[in-house]
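Results of the structural survey
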Amino acid sequence: MSFDFDLLVIGGGSGGVRAARIAASQHGARVALAEESRMGGTCVIRGCVPKKLMIFASEAPAAAAEAREYGWQAETGAFDWPMFRGKLHTELSRLEGIYTSGLLAAGVEVFHQRARIVDPHMVELADGTRRTAAHILVAVGGRPSRPGIPGDDLAMISDDLFDMERLPGKVLVMGGGFIATEFATILKGLGCDTTLTHRRGRVLRGFDEDARALVTHQLEHIGVSLRLDVNVTAMERDGGGIRCHFDDGSAERFDAVMLATGRHPNTEGLGLEAAGVKLGKGGEIVVDQWSQTNIPSIFAVGDVTDRVNLTPVAIREGHAFADTMFGGHPRHVDHSLVASAVYTRPFELGTIGLTEEDACASREVEIYAATFRPMRSLFAGSDLRALMKLIVCAETRKVLGCHIFAPEAGEMIQLAAVAVTMGATKEDFDLTVAVHPTLAEELVTMRMPVRRSGPEHHRSHDLDRALHPA
Ligand code: NDP
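Describing the sheet that holds strand 14 (residues 251-254)
- With respect to topology, 3 strands assemble into an open sheet ordered 12-13-14, the strand pairing being antiparallel. Each having just a single partner strand, strand 12 (232-238) and strand 14 make up the two edges of the open sheet. For this sheet the average axis-to-axis angle between neighbouring strands, irrespective of direction, equals 25°.
- As defined by bridge partners, strand 13 (residues 241-246) adjoins strand 14 across 4 bridges and the pair is classed as antiparallel. Opposite I242, over in strand 14, you have F254 as the bridge partner.

Okay, here's the thing in structure tokens:
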């Protein structure tokens, strides 16, 4: 049977675009890609890219404050949100153009419309035309979830942040994950009176406990009001703002509320059920290590599969899929060691591998940790403490996890990730000569473990006291 295309990709985000481009340009496949919204997907249009530019924008007041401590007469003045937003969207349009032109240059046919799967080899576009393909790749990503409490439709989701007409005076951020911590940091930096509310006592569940404590403390340190261990039970309109009710009986009015309570796979209305594609409990497409669904001609990569929901992982999955199916080079992605960073300010959190809690549950580990006030911020009068932490397997000596809470930790963890991915031992770190004076040199100068942890004996309180001074 002959098909219109060898591959039809649904979704023009990081994973879909990579798969389409590699399949067409490197492996000579006949490829089409359908995207209903803007090319580039969540990362480029409403995620990582605009978020990081907003982080940069939000740093100015703290930079000026630090400059004053270094002897400068520095003031930032007022923040011109409309000016910044206009420039931001110009930049996003530029990047979107690069994504589209890259696809066209690779010979990919692009349909700027929604696509729906009709059967294992056929897709229907929004204009009613039907196209066939030997393989269909679903790469439609995810979208923000609302928690389902009364009135939560009054609140913004992260997508809305980049299009706001004006900055809210007083804002509530709800959630304790990547997006909540990063956006609370941004909004505070841009001058909003910012509160973060979370149902637990610390943000960033799943991260190393020491790191979680430090990120939570830093939010408070930069002036974000924290309402922890509490749930929002209802939201209602209050004049031009929103009144939030909490389960401790309190209520507070905010000019705006931003929900950051997770994301879910974008699988509704795609025709997946009709085509017989198996979905998981959260609506995610169930795939094997080759990103193949239970329908042999249908594959899926990226957040829609809810494996590791990060842009570089989607890109890897898309690339591996294209190499496997069209390049005669079968390979799949190892999801077990993926570095990531949470872009809070002034210190970021960079992490790879196991947390102490996970590592010591099944083996003896040595914990190497340094906590200190970095020279630069200390000179400017800040008492914020950085953390460098290595989790080392007592038996094999391999570094199982690395957690860095420090300025530019995202940059540092990328390099540490090379060593950890290669299976470096603690002794390999020790062999590496320090670069002085840097923060990262602490990673190669920690000689003695601060403790051993294992299934039988987890955590001494000495490090706790050093890390979290009263
Ligand atoms: P996360 O899954 O990281 O966090 C969701 C947060 O919302 C958690 O703190 C969770 O609490 C809380 N929550 C969930 N449901 C409810 C509810 N019903 N009521 C109250 N609180 C609730 O999601 P995000 O939205 O922050 O981010 C989505 C994904 O985007 C991330 O997983 C990450 O993969 C990606 N991302 C990555 C970034 C980066 O690499 N820097 C930046 C931004 C996003 P609890 O912990 O109790 O479950």
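Next comes the rest of the account.
Notes on the layout of surface pockets
- Computed from the structure, the second largest pocket encloses a volume of approximately 1200 Å³.
- Considering the residues around the second largest pocket, the lining is formed by 37 residues, among which A62, E66, P346, F347 and S377 are closest to the centre.
- Only helix 4 (60-69), helix 7 (178-189) and helix 12 (375-379) provide two or more residues apiece to the lining of the second largest pocket.
- Ranked by residues supplied to the lining of the second largest pocket, first place goes to helix 4 with 8 residues.
- Within the lining of the second largest pocket, the residues separate by chemical class into 16 nonpolar, 10 polar and 11 charged.

Details of the packing of helix 1 (residues 14-26) against helix 10 (residues 311-326)
- Between helix 1 and helix 10, the least distance of the axes is 7 Å, while the angle of their chain directions is 30°. Taken together, helix 1 and helix 10 sit at an angle that is classed as roughly parallel. In terms of crossing hand, the pair formed by helix 1 and helix 10 is right-handed. The segment helix 1 lies against helix 10, with S14, G15, R18, A19, I22 and A23 engaging T311, A314, I315, G318, H319, F321, A322, D323 and F326.
- Tallied by class, residues from the contact of helix 1 with helix 10 come to 8 nonpolar, 5 polar and 2 charged.

Quick word on the side chain of E35
- Position of E35 relative to the elements: it lies in the loop between strand 2 (31-34) and helix 2 (41-46).
- Among buried Asp, Glu, Lys and Arg side chains, E35 stands out as unpaired, with R46 the closest opposite charge at 5.9 Å.
- At 2.6 Å, the side chain of E35 and the backbone nitrogen of G12 are in polar contact.
- With residues near it in sequence (within four places) discarded, E35 still touches G11, G12, G13, F111, H112 and Q113.

Topic: the site of the ligand
- Taken together, 21 residues surround the ligand, and among them R199, R200, R205, N309 and A341 come closest.
- Contact distances for the ligand include 2.9 Å between an oxygen atom and a backbone N or O atom of G176.
- One of the backbone nitrogen or oxygen atoms of A341 is found 2.8 Å away from a nitrogen atom of the ligand.
- For the ligand, whose unbound accessible area comes to 900 Å², protein coverage reaches 78%.
- The greatest single-element share of the shell around the ligand, amounting to 3 residues, is contributed by helix 7.
- Considered class by class, the residues forming the shell around the ligand number 8 nonpolar, 7 polar and 6 charged.

Focus: the environment of V313
- Relative to the helices and strands, V313 resides in helix 10.
- By relative accessible area, V313 is classed as buried at 4%.
- Residues within four places of V313 in sequence aside, it is in contact with V308, H335 and V338.

Brief notes about the pattern of salt bridges
- Considering all chains together, one arrives at 33 salt bridges under this definition.
- The partner of E59 in a salt bridge is R345, with the nearest N and O atoms 2.4 Å apart. Taken together, the positions of E59 in the loop between helix 3 (48-58) and helix 4 and R345 in the loop between strand 18 (340-342) and strand 19 (348-353) put the pair 286 residues apart, joining distant regions of the chain.
- For R345, a relative accessible area of 10% puts it in the buried group.
- The closest approach of N and O atoms between K389 and D208, which form a salt bridge, is 2.8 Å. Remark: D208 occurs in the loop between strand 10 (193-198) and helix 8 (209-221) and K389 occurs in strand 21 (residues 386-393); sequence separation between them is 181 residues. Each member of the pair, K389 together with D208, is buried.

Calculation notes
Residues numbered from 1 in each chain as written. Predicted model: local features only at pLDDT ≥ 70, side-chain atom pairs only at ≥ 80, totals over all residues. Heavy atoms only, no water. Pairing = 2+ DSSP bridges. Helix = DSSP H or I, 4+ residues; strand = E, 2+ residues; numbered from the N terminus. Axes fitted to C-alpha atoms, helices over the stretch in contact; angles between N-to-C directions. 1 Å grid on protein atoms, 1.4 Å probe; cavity = no way out; pocket = protein on both sides within 12 Å on 5 of 7 lines; lining within 4 Å. Points joined across faces, edges and corners; volume = space filled by probe spheres on them. Nonpolar A, V, L, I, M, F, W, Y, C, P; charged D, E, K, R; others polar. Parallel < 35°, antiparallel > 145°, perpendicular 65-115°, else oblique. Left-handed = near helix turned anticlockwise from the far one by under 90°. Contact = heavy atoms within 4.5 Å. Buried < 20%, exposed > 50% of the residue type's maximum accessible area, 1.4 Å probe, protein only. Lys, Arg positive; Asp, Glu negative; His and termini not counted. Salt bridge = Lys/Arg side-chain N within 4 Å of Asp/Glu carboxyl O. Polar contact = N/O pair within 3.5 Å; in protein donor to acceptor, adjacent residues only side chain to side chain. Near = heavy atom within 4 Å. Areas by Shrake-Rupley, 256 points an atom, 1.4 Å probe, with all protein chains shown as cover.

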